[in-house]
Amino acid sequence: MKAYFSVFKMRLINGMQYRVAALAGVATQFFWGFMFIMIYEAFYQSAVQTPPIELKQLVSYMWLQQAFLVFIVLWYRDGELFNLITSGNIAYELCRPCELYGFWYAKLIAQRLSGAMLRCFPILIVAFLLPDPYGMSLPANFSAFVLFVATLTLGLLVLVSISMFIYISVFVTMSPIGSLLMIGVAGDFFAGGIIPIPFMPSWLQRIAYVLPFRLAADLPFRVYSGNIPVNEALVGILTQVIWLVILVTLGRFALNKALQRVVVQGG
Amino acid sequence: MRLYFKYFKILLKAQMQYRISFWLLSLGQFFIPFSVFAALYFLFERFGSIKGWTYYEVALCFSVIHIAFSISECFARGFDSFSGLVVRGEFDRILVRPRSTFMQVLGSKFEFTRIGRLLQGVVVLILAIWNLSIQWNIFKVATLVLMIISGISVFTGIFILAATLCFWTIQGIEVANIFTDGGREMSQYPLNIYKKWVTRFFTFVIPFGCVSYLPLMYILDKVEGNKLLFMLTPLYGILFIFPCLLVWRFGVKHYKSTGS
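Values in this document were obtained by computation on a predicted structure and should not be read as measured data.

Draft legend 1. Layout of the overall build of chain B. When helices and strands are tallied, chain B shows 15 helices and zero strands. Against the 2.2 N^0.38 benchmark of 18 Å for 260 residues, chain B shows a C-alpha radius of gyration of 19 Å, consistent with a compact globule. For chain B, the spread of C-alpha atoms along the principal axes amounts to about 60 × 40 × 35 Å. Per-residue burial for chain B yields a buried fraction of 52% across its 260 residues. Accessible surface computed for chain B: about 12700 Å², of which carbon and sulfur atoms make up 68%. Distance between charge centres in chain B, computed from 25 positive and 12 negative side chains, equals 8 Å.

Draft legend 2. Just the interface of chain A and chain B, in detail. Each partner contributes to the interface: chain A provides 39 residues, whereas chain B provides 35 residues. Roughly 3200 Å² of surface becomes buried between chain A and chain B when both sides are summed, with 78% attributable to carbon and sulfur atoms. Seen at the junction of chain A and chain B, the total is one salt bridge. Notably, a salt bridge pairs Lys195 of chain B with Glu41 of chain A, separated by 3.3 Å at the nearest N-O pair. Along the contact surface separating chain A from chain B lie four residue pairs in polar contact (both at pLDDT 80 or more). Those elements that place two or more of their residues in the side of chain A that touches chain B are α2 (19-45), α9 (176-190) and α10 (202-210) of chain A. Element by element, the count of residues in the side of chain A that touches chain B is highest for α2 of chain A, at 17 residues. Of the residues contributing to the side of chain A that touches chain B, the split by class is 31 nonpolar, six polar and two charged.

Draft legend 3. Seen up close, helix α7 (residues 100-129) of chain A. All names here are of chain A. Between its first and last C-alpha atoms α7 spans 44 Å; for 30 residues at 1.5 Å apiece the expected length is 44 Å, and the two agree. For α7, the principal kink sits at Cys120 and spans about 30°; a proline, Pro122, occurs within the next four residues. For α7, the tally of buried residues reaches 21 of 30 residues, placing the bulk of the element in the interior.

Draft legend 4. Highlighting the packing of α2 of chain A against helix α3 (residues 55-67) of chain A. Residues and elements named next belong to chain A. Across the interface, α2 lies against α3 with an axial gap of 9 Å and an inter-helix angle of 160°. It follows that α2 is roughly antiparallel to α3 by the angle criterion. In this structure, α2 crosses over α3, and the sense of that crossing is right-handed. Here α2 contributes Gln29, Phe30, Trp32, Gly33, Phe34, Phe36, Ile37, Tyr40, Glu41 and Tyr44 to the contact with α3, which in turn contributes Leu55, Leu58, Val59, Met62, Trp63 and Gln66. Of the residues that constitute the contact of α2 with α3, the class distribution is 12 nonpolar, three polar and one charged.

Draft legend 5. Summary view of the pattern of salt bridges. Residues and elements named next belong to chain B. Here the structure, examined in full by the defined rule, presents 10 salt bridges over all chains. One salt bridge in this structure joins Asp221 and Lys140, with 3.1 Å as the shortest N-O distance. Of the two residues, Asp221 is situated in the loop between α13 (213-219) and α14 (227-239) and Lys140 in helix α9 (residues 138-165); the sequence distance between them amounts to 81 residues. A relative accessible area of 45% places Asp221 in the partly exposed class. As a salt-bridge pair, Asp181 and Arg184 come within 3.4 Å of each other at their nearest N and O atoms. Separated by three residues within a single helix, Asp181 and Arg184 lie in helix α10 (residues 177-187), roughly one turn from each other.

Draft legend 6. Focus on a nonpolar patch on the surface. Side chains of Met117, Phe121, Ile125, Val126, Phe128, Leu129 and Leu138 of chain A sit close together on the surface and give an oily, nonpolar patch of about 720 Å² of accessible area. With respect to the helices and strands, Val126 of chain A occurs in helix α7.

Draft legend 7. View of the packing of aromatic side chains. All names here are of chain B. For the coordinates displayed, the defined rule picks out 48 aromatic pairs over all chains. Relative to Tyr213, the ring of Trp53 has its centre 6.1 Å away and its plane inclined at 55°; by these criteria the two rings are tilted. Remark: Tyr213 occurs in helix α13 and Trp53 occurs in the loop between α2 (19-47) and α3 (55-75); sequence separation between them is 160 residues. Across the ring face of Phe69, the terminal group of Arg184 is positioned such that the distance to the ring centre comes to 4.7 Å.

Draft legend 8. Quick look at α3 of chain B. The terminal C-alpha atoms of α3 of chain B, which comprises 21 residues, lie 30 Å apart, in line with the 30 Å expected from a rise of 1.5 Å per residue. Of all 21 residues that make up α3 of chain B, 18 are buried, and the element is covered over most of its length.

Draft legend 9. A look at a positive patch on the surface. On the surface, Arg2, Lys6, Lys9, Lys13 and Arg99 of chain B cluster together into a positively charged patch. Within the secondary structure layout, Arg99 of chain B lies in the loop between α6 (91-96) and α7 (101-106).

Draft legend 10. Broad picture of the environment of His66 of chain B. All names here are of chain B. Positionally, His66 belongs in helix α3. Judged by its relative accessible area of 1%, His66 falls in the buried class. As for His66 and Phe42, which are separated by 24 residues in sequence, their C-alpha atoms are 19 Å apart. With near-sequence residues (within four places) excluded, His66 lies in contact with Pro33, Arg117, Arg184 and Gln188.

Draft legend 11. Structural detail: unusual backbone geometry. With a phi close to 45°, Lys51 of chain B is a non-glycine residue in the positive phi region. Secondary-structure assignment places Lys51 of chain B in the loop between α2 and α3.

Draft legend 12. How the structure looks around the packing of α7 of chain A against helix α12 (residues 230-260) of chain A. Residue and element names in this part refer to chain A. Contact geometry for α7 and α12: axes closest at 10 Å, N-to-C directions at 120°. Relative to α12, the element α7 is oriented oblique. Relative to α12, the crossing made by α7 is right-handed. On α12, the residues touching Leu100, Tyr101, Trp104 and Tyr105 of α7 are Leu244, Leu247, Val248, Gly251, Arg252, Leu255 and Leu259. Tallied by class, the residues present in the contact of α7 with α12 amount to nine nonpolar, one polar and one charged.

Draft legend 13. A look at the environment of Arg77 of chain A. All names here are of chain A. Here Arg77 is to be found in the loop between α4 (69-72) and α5 (79-87). Note on Arg77: relative accessible area 44%, which makes it partly exposed. Residues Arg77 and Gln66, spaced 11 residues apart in sequence, show a C-alpha to C-alpha distance of 17 Å.

Draft legend 14. Quick peek at the nonpolar core. Membership of the largest hydrophobic core comes to 171 residues, with the highest contact counts inside it found for Phe68 and Trp104 of chain A together with Ile50, Phe82, Tyr189 and Tyr194 of chain B. Here this core gets 15 residues from one element, more than from any other, and that element is helix α8 (residues 142-173) of chain A. Beyond its immediate stretch of four places on either side in the chain, Phe68 of chain A contacts Cys120, Leu124, Phe148, Leu152 and Phe221 of chain A.

Reading the values: rules and limits
- Residues numbered from 1 in each chain as written.
- Chains lettered and ligands numbered in written order.
- Predicted model: local features only at pLDDT ≥ 70, side-chain atom pairs only at ≥ 80, totals over all residues.
- Heavy atoms only, no water.
- Helix = DSSP H or I, 4+ residues; strand = E, 2+ residues; numbered from the N terminus.
- Rg over C-alpha atoms; globule rule 2.2 N^0.38 Å.
- Buried < 20%, exposed > 50% of the residue type's maximum accessible area, 1.4 Å probe, protein only.
- Areas by Shrake-Rupley, 256 points an atom, 1.4 Å probe, with all protein chains shown as cover.
- Lys, Arg positive; Asp, Glu negative; His and termini not counted.
- Charge placed at Lys NZ, Arg CZ, Asp CG, Glu CD.
- Contact = heavy atoms within 4.5 Å.
- Buried area = accessible area lost by both parts, 1.4 Å probe.
- Salt bridge = Lys/Arg side-chain N within 4 Å of Asp/Glu carboxyl O.
- Polar contact = N/O pair within 3.5 Å; in protein donor to acceptor, adjacent residues only side chain to side chain.
- Nonpolar A, V, L, I, M, F, W, Y, C, P; charged D, E, K, R; others polar.
- Expected span 1.5 Å × (residues − 1).
- Bend = angle between axes of the 7 residues up to and from the residue.
- Axes fitted to C-alpha atoms, helices over the stretch in contact; angles between N-to-C directions.
- Parallel < 35°, antiparallel > 145°, perpendicular 65-115°, else oblique.
- Left-handed = near helix turned anticlockwise from the far one by under 90°.
- Patch = residues over 30% accessible without salt bridge, like charges linked within 9 Å, V, L, I, M, F, W, Y side chains within 5 Å.
- Phe/Tyr/Trp six-rings, centres within 6.5 Å; stacked < 30°, edge-to-face > 60°.
- Lys NZ or Arg CZ within 6 Å of the ring centre and 35° of its normal.
- Core = buried A, V, L, I, M, F, W, Y, C linked by side-chain atoms within 4.5 Å.

Taken by themselves, the reported measurements are silent on function.
Below you can see the structure in the form of C-alpha cells.
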C-alpha cells in the first residue's frame, strides 16, 4: 500500500509543475462555461414545455462540469503509459515488485487529482461570485453536498477503471488513437458531457442509465443541485460500488491476460 | 506552388501507408461532430426553436462552419502543430532554405483524416438544404460558397496567429483553443442568441459572424434593408487572413532559436 501511495504522491507533485498550462486551461473552461450557459439560456427562453431541469440547476451543472473536467473525460490520458507499452519499456515496469494494475491505477488517479486541484478552485470561486443568471448556486441542502462529495469520489474511481481498458487495449492494437477516440466519443456522450442526460429522449436515457459512464459526471452534478433526490442518490452510490467491483475485476483479469502474451524485443 | 503540391503528394502517400489506421481515424472524425449534431437534434426536439431559428436553419449554420473547419484543419495543420517545430529546433532548418517560411510550414503537415469530418458537414448541409424551402438563385449560391471560403480563411488565420505566439512562448498555447474549437462550437449557432458583446466581438474582431450568421440572414430572407451588404459580409472574413500573415512575418523576424 505504501508503494502505491508514494507513486501517487510523486505524480501529484509532478502534475503541479505545469501551472501556466493550468491557468490557460482555466481561461478556456470559463469560455466554454459561458458559451453553454448562453446557449441554454436562449433555448429556455423559447421553451414551449417545462424543461426537465431548472435553469439554475443547469448552470451549477455546467460550472461543475467545467471545474471537474479532468475527473470526467476519458480522453485525458497519460502519454507515458502508451509509450511504455509501444516502445517495450514495459519490461522495467514488470520488474517492479508490485502489481501492475494497482500501480497504474494509483498513477492515473494522482494525475487526474493534480489536474483538477489546480483548476477547480479558481473556477468554482469565480463561478460563485458571478451575477445571475451565470452565478453558481449553493448545494440544495447539506445532505446533497455530502452525497455530492461521495459520488464524485466514487465516480473518479469508476472512471479510472474504465480508462484502464484503453491502456490495456494498446497491448493488442499498439496504437492508442483509435480506441481512445471511439471510447472517448461514446463515453462523453453517455456521460451527459455534450448535453445533460435529462434532455435526451427517453429511449436514449434508458441506455445511458444502464451504462457506467454517467456515474462519474451526471450523477454527482445532479445530486449537487438536488435534481436527483437523496434516496435516488443512495441507490446511485450502490450502483457505483457494484460497477467499480465489476470493472476492476475485469480490468485486472484482462491486464494479466495481456501481460502473459507480451513479448519484449531487443534489450 | 509546384513545391506545395509535392509536399501534398508525399504526405498523402505517407499517410496512406497505414491504410486501416487512416480509415478508422477518418471514421472517428466522422463521429465526433456527429455526436454534437445528435445533441443539437435532441435539444430542438425538446425546445422547438431557439430565438426564432428553426432546427434546419441552425443545421445549415452548423454545416457551413464544420465544412470550413475541417478543410482548414486538413491544410493548415502545419501551423496548428507548429510549437513542436520550434521546440525541436526544426524551424532553423526551414529558415535556411530558399523558400518562403509560410509555404514550408503550411506544407509540413496535412491531416487527411479530416475527410470524415468534412463528409459529416456535407451530409448535414444537404439535409438542411433539402428541408428548407429556399428560393435559390445565383447570388445565394455564390454567398454560400463565399461563406465556406471565408470560414476557411478565418480558421486558418487563427491557426497562424496561434503559431506566431510560439515565437515568444510555448506555454499556455491552449488559450488559442478558445478561438478555434471554441469559435467553431460558438458559431455553429446563429450569433444573435448570445449576449450583445459576444456577438460584437465575434463579428468585428474575429469575424465568425461574417462567416455564418450575417450571410445566412440573406440566404434565409431574414434581411430587411440593404441586402447587398449582408451578401458581401463573407468578404470581410476573407480579409481577416491578411493581418494574420503580417503578424506571422513580424514573428519570424523576431525568432530566436532554442539553440543546440
